[in-house]
Amino acid sequence: MTQQQERASLEDRVARILEVAKQRGADAAEVAVSRSEGLAVTVRRGEVETVEQTRDQGFGISVYLGRCKGSASTSDSSPDAIEATVAKALNIARFTAEDPAAGLADAELMPTGVLPELDLFHPWALDVAAATELAQACEAAALNADARISNSEGATTSSSRSWRGYGNSHGFIGSEPATRHGLSVSVIAGRDSGMQRDYAYTVDRVPEALEAAAAVGRRAGERAVARLGARPVPTARVPVLFGHDVASGLLGHFIAAISGGNLYRRSSFLLDALGNEVFPERVTIEECPHLPRALGSAAFDSDGVATRAKRLVEGGVLASYVLSAYSARRLKLATTGNAGGIHNLRISDDGLDFEAMLARLGRGLLVTELMGQGVNGVTGDYSRGAAGFWVEDGAIAYPVQEVTIAGNLKDMYLNIDAIGNDAVRPGNIVCGSMLVDGMTVSGA
Amino acid sequence: MTEAWDLARQRLLAPAELDERALEQVLHSMLGPRIDYADLYLQYSRSESWVLEDGIVRDGHFAIDQGVGVRAVSGEKTGFAYSDELLRPALEQAAGAARQIARSGSTPGAVAISGKGTPAPLYAGDDPLVSMADADKIALLHRLDRHARALDPCVSQVTASLAAVHEVILVLASDGTLAVDVRPLVRCNVSVIAERGDRRERGSAGGGGRLDYGMFLAGDQALGWADEAVRSALLNLEAVPAPAGSMPVVLGPGWPGVLLHEAVGHGLEGDFNRKGTSTFSGRMGEQVASKHCTVVDEGCMPNRRGSLTVDDEGTPTGRTVLIENGILKGYMQDKHNARLMGVAPTGNGRRQSYAHLPMPRMTNTYMLAGAHDPAEILASVERGLYAVNFGGGQVDITSGKFVFSTTEAYLIENGKVKAPVRGATLIGNGPDVMNRISMVGNDLALDSGIGVCGKDGQSVPVGVGQPTLRVDAVTVGGTAH
């Protein structure tokens, strides 16, 4: 099938399911259909370890009887399964309570005209042999990066294509095809009780845009070796530099705190914070849902609402929450087109490269890995396991492990001293390294 | 046994016009001299969830999933494909894709399917979704809501949920395995927010098992979790900052057994040890914990959340001694790693679904009781932390570093339990921490049935347990320094 035919077939399926819901008595309904196929080949120590062919499909439906909602989903694609699944959703709606906030997003919020061209579909004619060769090259580069690399957890080449379709009884039906390709490797340095593992990866919508296999492998090898001899540091209150890959996690916690679901459940440390200073004045955070080829791009959210670019933080002040139609109604606000999450988050930087960030840190902890779930979304209390490097006089002194870092996210955001320009694209959250003052490092 | 077979035929085979003979033919088509093993895993599941918030049950969800996973193994190589259709052409296509792992045009080998020795089921085969009328499920959620709110005026939000899964699996393998299992699983959870002045805290509690919804009514079990959620939230309103630094830690009984799951459990899974990537690799027979520690993984406990009559490769579950008096005794194995390591599978081959490859996973992992009275253990600590409830944990099996985060903990001063402290992450090295266990209580308890274990992106239900333990030194990640 051509792309046009794939999309037409998916959209036709959405329409048929909506029709069944209408016939069976739903006052309103919304349907999400998905289909994907892919290949993943893992190589370990030069030999193929697994070849996985993936093929998934399924649909989910939400129906409304007045303001009562029911939902159901299935991976079964037969016509009987459509009937049965719709019937199940309706049955649930007969038991749920009237909820004044329930219902589809308003019709005028759906995209109109032609959807923006996001250019997310770049299939890769990847067969098992080619995928194997690429993973082998990546792993070999990792194993050869240093004589102290002792073992491998393997390298994986993966490629998938997916189609998602959404439609609701307002009459809006849309679909988005997308591809995602990746190469990753994880290796071990050292021996016995001194072993250290680290990994590296590259991911993109476009196969040609993937980083070279050798570069990914070399990075994994170098990262693993750099951790050899890691030790705890004494407990102290020092500045912490979050490397770019862990700094994006800090932004993830921020997004959770300003998400409608946590706000109306009063389970956020940023309740009623709209208009308040939540970051230092020079910080801007924006969402750019229509970036061509980007990993987080989407023309409409999972309510069918047209997405739009916006600033979440401007001049350090919280300018927008991230809301779905439901959470917006609960908060007596308008949806922000974020049902299902955010689409391409970007944070401003202070023009400092990573070396300059290290110099600015001076003496403290550079964190490159975080462990565990010690983040309390209600209070903002933050306490997580960490590994990284001790920094003296702006230079890496030695690797560190078996420490925790603790603080409160509300304070941590306000205490961001600098943000580096070392962000790596693509990613749904693109963020440079982040220097945070006054955290407690707990160790030996 | 026959009931399970009837259900497997009805749910998995009949709708696709398949029978055992057809499955055997598909399996045969995959075999050749270079294929060491092949299997088909057919799965059907029905699941539902009901959620109450703000005093109303505003949404419910129902799902049906089914499919077949097909695997062919040649030496260390595994070919895997799956289909959400159970029809014969889809099975044949998946089988063809999986067997490409070993390209050989040879004639199929012979297979003798036995299905012998399938153990007696550890749980009832009835569908738990229909064990209670829908209206009664909603009434139970409302009862939990009212109960929690009535306990204290500080309770500002209550979220309560009920969930159930009914799963039927069939495994047919080239080693002669033919097994079916019908697995129920239910879960209830209560989460509250309590507010006083400008402090706001959450408390949660819940449980479940391979039973039906009736377990939540027996002895007002679910109301007890509502009590527990409210108690925990109110307690945390009073919590002071947690200490920072290395100190003695006393862990309470039951769910704090997540310590064992992270500190030693994952590191003793067969795949990591075959590959030599675990900090426990090659240490069989060595002292890896203090002599007070005996740790087992037991998948054959009736009705437990982590239990399975047979694992996802059709191997009956059992009781595997992992550590005995501190000595490393055994690894947890699936068929693939057991074959490559030349040992027997232990019934730990598990997968999230037909669309995932099986691998060695824990079931119910716990430490046996010791001799000490819990009060005696607390009294032994001059200054330290008493941690009785935890959120999740994580481990790096290569370096052995693991973390787990408290949700209810107290300071210990001069042997007395003092103020509650705010959530903090504890970090240590598996073998180091296990060697620092100096006292083991006589109060072994298992968790209430809430564990979910993640590995390589696959989630499976598990159980943990332990008696009260004293660890002489662990790094506590608070802010009070």
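A brief report on the enclosed structure follows. (Residues numbered from 1 in each chain as written. Chains lettered and ligands numbered in written order. Predicted model: local features only at pLDDT ≥ 70, side-chain atom pairs only at ≥ 80, totals over all residues. Heavy atoms only, no water.)

Okay, the nonpolar core next. Here is a general trend for soluble globular proteins: nonpolar side chains tend to be buried in one another's company. Among the nonpolar cores identified, the biggest contains 104 residues, and A:Ile61, B:Leu144, B:Leu170 and B:Phe216 are the most heavily contacted of them. Among the elements that make up this core, the one with the highest residue count is helix 6 (residues 221-237) of chain B (nine residues). With residues near it in sequence (within four places) discarded, A:Ile61 still touches A:Ile17, A:Ala21, A:Ala29, A:Glu30, A:Val31, A:Gly70, A:Ser71, A:Ala72, A:Thr85, A:Val86 and A:Ala89. Counting 50 residues, the second-largest nonpolar core is a separate cluster that includes A:Tyr321, A:Leu365, A:Tyr382 and A:Tyr413. (Core = buried A, V, L, I, M, F, W, Y, C linked by side-chain atoms within 4.5 Å. Buried < 20%, exposed > 50% of the residue type's maximum accessible area, 1.4 Å probe, protein only. Helix = DSSP H or I, 4+ residues; strand = E, 2+ residues; numbered from the N terminus. Contact = heavy atoms within 4.5 Å.)

Assignment of secondary structure puts B:Asn389 in strand 14 (residues 383-395). Setting aside its immediate chain neighbours within four residues, B:Asn389 contacts B:Trp255, B:Ser405, B:Thr406, B:Thr407 and B:Glu408.

In this section: the layout of surface pockets. All names here are of chain A. By volume, the second largest pocket amounts to about 1,100 Å³. Along its surface, the second largest pocket is lined by 38 residues, and Tyr201, Arg223, His244, Asp245 and Val424 are the ones closest to its centre. Among the secondary structure elements, those contributing two or more residues to the lining of the second largest pocket are strand 6 (196-204), helix 4 (213-226), helix 5 (244-257), strand 12 (364-371) and strand 16 (429-430). If one sorts the elements of the lining of the second largest pocket by residue count, strand 6 sits on top with seven residues. For the lining of the second largest pocket, the class distribution of residues is 19 nonpolar, seven polar and twelve charged. (1 Å grid on protein atoms, 1.4 Å probe; cavity = no way out; pocket = protein on both sides within 12 Å on 5 of 7 lines; lining within 4 Å. Points joined across faces, edges and corners; volume = space filled by probe spheres on them. Nonpolar A, V, L, I, M, F, W, Y, C, P; charged D, E, K, R; others polar.)

A word on helix 3 (residues 88-99) of chain B. Taking 1.5 Å per residue, twelve residues should reach 16 Å; helix 3 of chain B reaches 16 Å between its end C-alpha atoms and fits that length. Those residues of helix 3 of chain B not exposed but buried are B:Ala90, B:Leu91, B:Ala94, B:Ala95, B:Ala97, B:Ala98 and B:Arg99. Buried residues in helix 3 of chain B make contact with strand 2 (47-65) of chain A together with helix 2 (20-30), strand 2 (56-74) and strand 3 (77-83) of chain B. (Expected span 1.5 Å × (residues − 1).)

This brings us to empty space enclosed by the protein. Evaluated as defined, the whole model comprises two cavities of 30 Å³ or more. By volume, the largest cavity amounts to about 60 Å³. Along the walls of the largest cavity sit A:Arg227, A:Glu369, A:Met371, A:Ala386, A:Ala387, A:Gln401, A:Glu402, B:Asp396, B:Ser399, B:Lys401 and B:Ile427, which together make up its complete lining. Listed by contribution, the elements that provide at least two residues to the lining of the largest cavity are strand 12, strand 13 (381-392) and strand 14 (395-408) of chain A. When the residues that make up the lining of the largest cavity are grouped by side-chain class, the tally is four nonpolar, two polar and five charged. Of all the secondary-structure elements, those providing two or more residues to the lining of the second largest cavity are strand 13 and strand 14 of chain A. The leading source of residues in the lining of the second largest cavity is strand 13 of chain A, at three residues. Of the residues that constitute the lining of the second largest cavity, the class distribution is five nonpolar, two polar and one charged.

All names here are of chain B. Across its 18 residues, helix 4 (residues 134-151) extends 26 Å between first and last C-alpha, which sits within 8% of the 26 Å expected from 1.5 Å per residue. Taken together, the buried positions of helix 4 are occupied by Asp134, Lys137, Ile138, Leu140, Leu141, Leu144, Asp145 and Ala148. The arc that holds every buried residue of helix 4, seen down its axis, measures 155°, which confines them to one face. Exposed and oriented more than 90 degrees from the buried face of helix 4 are Arg146 and Ala150. (Arc of directions from axis to C-beta.)

Now for the pairing of strand 9 (residues 319-324) of chain B. Residues and elements named next belong to chain B. As judged from the four bridges shared by strand 8 (residues 295-298) and strand 9, these two strands associate in the antiparallel manner. Note on strand 9: the bridge partner recorded for Glu298 is Arg319. As paired strands, strand 9 and strand 10 (residues 327-328) are joined by two bridges and run antiparallel to one another. Following the sheet pairing, Ile323 is matched in strand 10 by Leu328. In sequence, strand 9 turns back onto strand 10 through a hairpin of two residues, with Asn325 there showing a positive phi of about 45°. (Pairing = 2+ DSSP bridges.)

What follows concerns the pattern of salt bridges. If charged atoms from side chains of opposite charge come close, those side chains can pair. Counted according to the given criterion, the structure contains 56 salt bridges over all chains. Ionic contacts of the salt-bridge type, sharing partners, join the residues A:Asp198, A:Arg223, A:Arg227, A:Asp245 and A:Glu369 into one network. (Salt bridge = Lys/Arg side-chain N within 4 Å of Asp/Glu carboxyl O.)

This paragraph deals with the side chain of B:Gln43. All names here are of chain B. By the element assignment, Gln43 lies in strand 1 (residues 37-53). For Gln43, a relative accessible area of 5% translates into the label buried. For Gln43, the side chain forms a polar contact with the side chain of Glu167, separated by 2.5 Å. Excluding residues that lie within four positions of it along the chain, Gln43 makes contacts with Leu12, Asp65, Gln66, Gly67, Glu167, Val168, Ile169, Gln352, Ser353 and Tyr354. (Polar contact = N/O pair within 3.5 Å; in protein donor to acceptor, adjacent residues only side chain to side chain.)

Further remarks concern the sheet that holds strand 10 (residues 317-318) of chain A. Hydrogen bonding along the main chain pairs the strands of a sheet, whether they run parallel or antiparallel. Residues and elements named next belong to chain A. Taken together, the five strands give an open sheet; going across it, the order is 10-9-8-11-16, and neighbouring strands pair in mixed fashion. Each having just a single partner strand, strand 10 and strand 16 make up the two edges of the open sheet. Note that strand 8 (residues 285-287) and strand 11 (residues 345-347) share three bridges and pair antiparallel. Across the sheet, residue Glu286 finds its bridge partner in strand 11, namely Arg346.

The geometry of a pair of packed helices is captured by two quantities: the angle between their axes and the separation between those axes. Residue and element names in this part refer to chain B. Running from N to C, helix 2 and helix 3 point in directions that differ by 25°, and their axes come no closer than 9 Å. As judged from the angle between their axes, helix 2 and helix 3 are roughly parallel. Every pair of crossing elements has a handedness; the one defined by helix 2 and helix 3 is right-handed. On the side of helix 2, the interface is formed by Ala22, Leu23, Gln25, Val26, Ser29 and Met30, while helix 3 contributes Arg88, Leu91, Glu92, Ala95, Ala98 and Arg99. Classifying every residue of the contact of helix 2 with helix 3 gives seven nonpolar, two polar and three charged. (Axes fitted to C-alpha atoms, helices over the stretch in contact; angles between N-to-C directions. Parallel < 35°, antiparallel > 145°, perpendicular 65-115°, else oblique. Left-handed = near helix turned anticlockwise from the far one by under 90°.)

For the structure on display, the rule yields 18 aromatic pairs over all chains. Geometrically, the ring pair formed by A:Phe269 and A:Tyr413 is stacked, given 6.4 Å between the ring centres and 25° between the ring planes. With A:Phe269 in the loop between helix 6 (260-264) and strand 8 and A:Tyr413 in helix 9 (residues 409-414), this residue pair connects regions lying 144 residues apart in the sequence. Of the residues examined, A:Tyr413 reaches a relative accessible area of 2% and is grouped as buried. With 6.0 Å between their ring centres and 70° between their planes, B:Tyr82 and B:Tyr354 make a pair best called edge-to-face. A residue pair is termed long-range when its members are at least 10 positions apart, and B:Tyr82 in strand 3 and B:Tyr354 in the loop between strand 11 (349-350) and strand 12 (359-360) qualify at 272 residues. Relative accessible area serves as the criterion here: at 7%, B:Tyr354 is assigned to the buried category. An aromatic cluster is built from A:Phe254, A:Phe269, A:Phe279 and A:Tyr413, whose rings are joined through pairwise contacts. Just above the ring of A:Trp163 sits the side chain of A:Arg35; from NZ or CZ to the centre is 4.5 Å. (Phe/Tyr/Trp six-rings, centres within 6.5 Å; stacked < 30°, edge-to-face > 60°. Lys NZ or Arg CZ within 6 Å of the ring centre and 35° of its normal.)

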